[in-house]
Amino acid sequence: MNSQEKITLGSFLLKKDGARLDPALNVLMTRLAQAAKTISHEIRNASISGNLGMAGGENPTGDEQKKLDVAANEIVLETFADSGRVAAVVSEELEAARCLDTAYPDSYILCVDPVGGSSNLDINGTVGTIFSFYRRKRTGRSQDPLAELQDRLPIAAAGYVMYGPGTILVFTGGAGVNGFTLDNRRGEFLLTQELIRSPARGSYYSANLGKYGQWDPYIRKFVDHLTGKDLASNGPYSLRYVGAMVADIHRNLLEGGIFFYPEDEKNRNGKLRLLYECAPMAFLVEQAGGRATTGRGSILDIRPESLHQQVPIAIGSPFEVDLYEKFCREGGE
Ligand code: P6P
């Protein structure tokens, strides 16, 4: 099947059975794809346009901002500013939510990490965008996006863009997970991975082992189990760690395994942010038959306390995530 025979994102979004997206989300996913194409272009040309390196500031959780973090955030805001469908944007790069005018009764809150894994940018590594659209219960301009998000709004769509050897868009509208690849010649995202399903178990684990000494003992015992150091182990897993959540989770989604970023002695809530990293990825992975936990409960059950709330996460194939929870529950005994 060549490029001309593959289904474009636009055609997919119009098919009710395929995407089961309501018309508003079709508009939003089309705009999301447009933002992704622009961000992809900026990333791939950054060393030529002088867009690598530090921007000089920090994001709300203290990460140093790269120029492309700031640029990608602006691209997202510009793309949705006049959509009339997004009442607020919660971004890793913005302290407060950016409230926008809405023109329709059905409107959404967009939570987004414009460029995740930006420490990879200057070394030509893989990075990604993570997004989720929450369907509001209210209409008109949002007075308090966090209060709205605390009212257990349904996630209408969530997913990620991965800027690797190819630029891919993987998302769910609540009826399965589908993957699209950007055909740069046509400027179209084409359906390349239909109804992605998480393997029941895998052979990879993804974690920053540099923090092994700061993890709680039961996390260290879980790692020892995965690496075959204890008798009960069913053989060593291979470590794959990119340092970009999108890339690490994408591998485990396709080939099976687990990504985890636990709490540690310095960060009792872990590092990754609930609203624009953990919850979108949890929604997507669970749609594909995987699991996502803090170690003691489902990521998707967490009521956000703040826009940049950090939570521990373990996400991936059911077998490994269940095992992770067992070690957390039993203290690794
Ligand atoms: P560390 C990128 O900064 C990020 O938010 C995620 O995309 C990634 O999984 C994690 O942090 C990497 O963190 O501490 O291993 O560099």
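Every chain's residues receive numbers from 1 upward, in the order its sequence appears when written. Restriction of local features to residues with pLDDT of at least 70 applies here, the model being predicted, together with a cutoff of 80 or more for giving and counting side-chain atom pairs; totals for whole chains, interfaces and linings are based on all residues. As a rule here, side-chain values come from all non-hydrogen atoms in the structure, and water together with hydrogens is ignored.

Outline the pairing of strand E3 (residues 86-91), listing residues and values.
Relative accessibility thresholds used throughout: buried, under 20% of the residue-type maximum; exposed, over 50%; partly exposed, between the two (1.4 Å probe, protein chains only). Strands here are runs of E lasting at least two residues and helices are runs of H or I lasting at least four, both read from the DSSP assignment and numbered beginning at the N terminus. Of all the 6 residues making up E3, 6 are buried; the element is thus mostly covered by neighbouring parts of the structure. Here E3 runs beside strand E4 (residues 98-99); their pairing, made up of 2 bridges, is antiparallel. The residue bridging Ala 88 from the neighbouring strand is Cys 99, located in E4. Counting the residues that bridge the hairpin from E3 to E4 gives 6 residues. Here, a strand pair is defined by DSSP locating no fewer than two bridges between the strands.

Tell me about unusual backbone geometry, and name the residues and values.
A positive phi angle is found at Arg 152, which is not glycine, with a value near 50°. Mapped onto the fold, Arg 152 is located in the loop between helix H6 (145-149) and strand E7 (155-163). A positive phi angle, close to 50°, is found at Leu 195, a residue other than glycine. Summarising the element assignment, Leu 195 is placed in the loop between strand E10 (188-193) and strand E11 (204-206).

If you had to explain the state of the cysteines to someone new, which residues and values would you point to?
In plain terms, two cysteine sulfur atoms within 2.5 Å form what is called a disulfide here. Using the criterion set out here, one finds 0 disulfides in the structure. In this model Cys 99 remains outside any disulfide bridge; the closest cysteine sulfur is found in Cys 111, 12 Å from its own. Judged by its relative accessible area of 0%, Cys 111 falls in the buried class.

Can you tell me about the nonpolar core, naming the residues and giving the values?
For the purposes of this section, nonpolar cores are sets of buried Ala, Val, Leu, Ile, Met, Phe, Trp, Tyr and Cys residues that join through side-chain atoms within 4.5 Å. Counting 43 residues, the largest nonpolar core has Tyr 134, Leu 149, Met 245 and Ile 313 as the members making the most contacts within it. Here this core gets 10 residues from one element, more than from any other, and that element is helix H9 (residues 274-287). Residue contacts follow a heavy-atom distance rule, with two residues in contact if any of their heavy atoms lie within 4.5 Å. If sequence neighbours within four positions are ignored, Tyr 134 has contacts with Ser 107, Tyr 108, Ile 109, Cys 111, Leu 149, Leu 153, Pro 154, Ile 155, Ala 156, Leu 275 and Ala 279. In this structure, Leu 32, Phe 80, Leu 94 and Val 127 belong to the second largest nonpolar core, which totals 42 residues.

Explain the site of the ligand to me, and be specific about the residues and the numbers.
Here a residue is near a molecule or strand as soon as one of its heavy atoms is found within 4 Å of it. Lining the immediate environment of the ligand, one finds 13 residues, of which Tyr 241, Met 245, Tyr 261, Lys 271 and Glu 277 sit closest. Throughout this description, a polar contact denotes any pair of N or O atoms lying within 3.5 Å of each other; where both atoms belong to protein, one of them has to be capable of donating a hydrogen while the other can accept it, and for residues adjacent in sequence the pair is counted only when both atoms sit in side chains. Between the ligand and Tyr 261, the relevant distance is 2.6 Å, taken from an oxygen atom to a side-chain nitrogen or oxygen of the residue. Within the side chain of Lys 271, one N or O atom sits 2.9 Å away from an oxygen atom of the ligand. Using the Shrake-Rupley algorithm and a 1.4 Å probe, accessible areas are obtained, with residue cover drawn only from the displayed protein chains. In isolation the ligand offers 400 Å² of accessible surface; the protein chains occlude 82% of this area.

Got a sec to walk through a nonpolar patch on the surface? Specific residues and values, please.
Like-charged residues within 9 Å of one another, or nonpolar side chains (Val, Leu, Ile, Met, Phe, Trp, Tyr) within 5 Å, are grouped into patches, provided each residue has over 30% relative accessible area and no salt bridge. Salt bridge, as applied in this entry: a Lys or Arg side-chain nitrogen positioned within 4 Å of an Asp or Glu carboxyl oxygen. Taken together, the side chains of Leu 209, Leu 239 and Tyr 241 define a hydrophobic patch exposed on the protein surface, amounting to about 220 Å² of accessible area. Tracing the backbone through its elements, the reader meets Tyr 241 in the loop between strand E12 (238-239) and helix H8 (245-255). Since its relative accessible area comes to 32%, Tyr 241 is described here as partly exposed.

An account of the sheet that holds strand E14 (residues 291-293) is requested, with residue identities and associated values reported.
An order of E12-E11-E13-E15-E14 is seen for the 5 strands of this open sheet, with the pairing classed as mixed. What marks the edges here is a single partner per strand, and that holds for E12 and E14. Pairing of E14 with strand E15 (residues 313-316), which is carried by 3 bridges, proceeds in the antiparallel orientation. Bridging from a neighbouring strand, Ala 292 pairs with Ile 315 of E15. Docked against the sheet, helix H7 (residues 217-226) engages E11 and strand E13 (257-261), running at close to 155° with respect to E13. Throughout, an axis means a line fitted to C-alpha atoms (over the contacting stretch in the case of helices), and angles, computed between N-to-C directions, take values from 0 to 180 degrees.

Could you give an account of H8, naming the residues involved and the relevant values?
Burial analysis of H8 places 8 of its 11 residues in the buried class, the great majority of the element. For H8, every residue scored as buried is listed here: Met 245, Val 246, Ala 247, Asp 248, Ile 249, His 250, Asn 252 and Leu 253. In the stretch just after H8, Gly 256 is the one whose phi turns positive, near 95°.

Pulling in residues and values, what's your account of the domain arrangement of the chain?
Domain start and stop positions are those given by an automatic or database domain assignment. The domains assigned to the chain are domain 1 (9-193) and domain 2 (204-331). Computed over C-alpha atoms, the centres of domain 1 and domain 2 are 23 Å apart. Taken together, the contacts link 44 residues of domain 1 with 30 residues of domain 2. Between domain 1 and domain 2, the buried area comes to about 2,800 Å², and carbon and sulfur atoms account for 67% of it. The term buried area refers to how much accessible surface (probe radius 1.4 Å) is lost by two components on association, counted for both of them together. Broken down residue by residue, the surface that domain 1 buries against domain 2 is led by Ile 130, Gln 150 and Tyr 160, which jointly contribute 21%.

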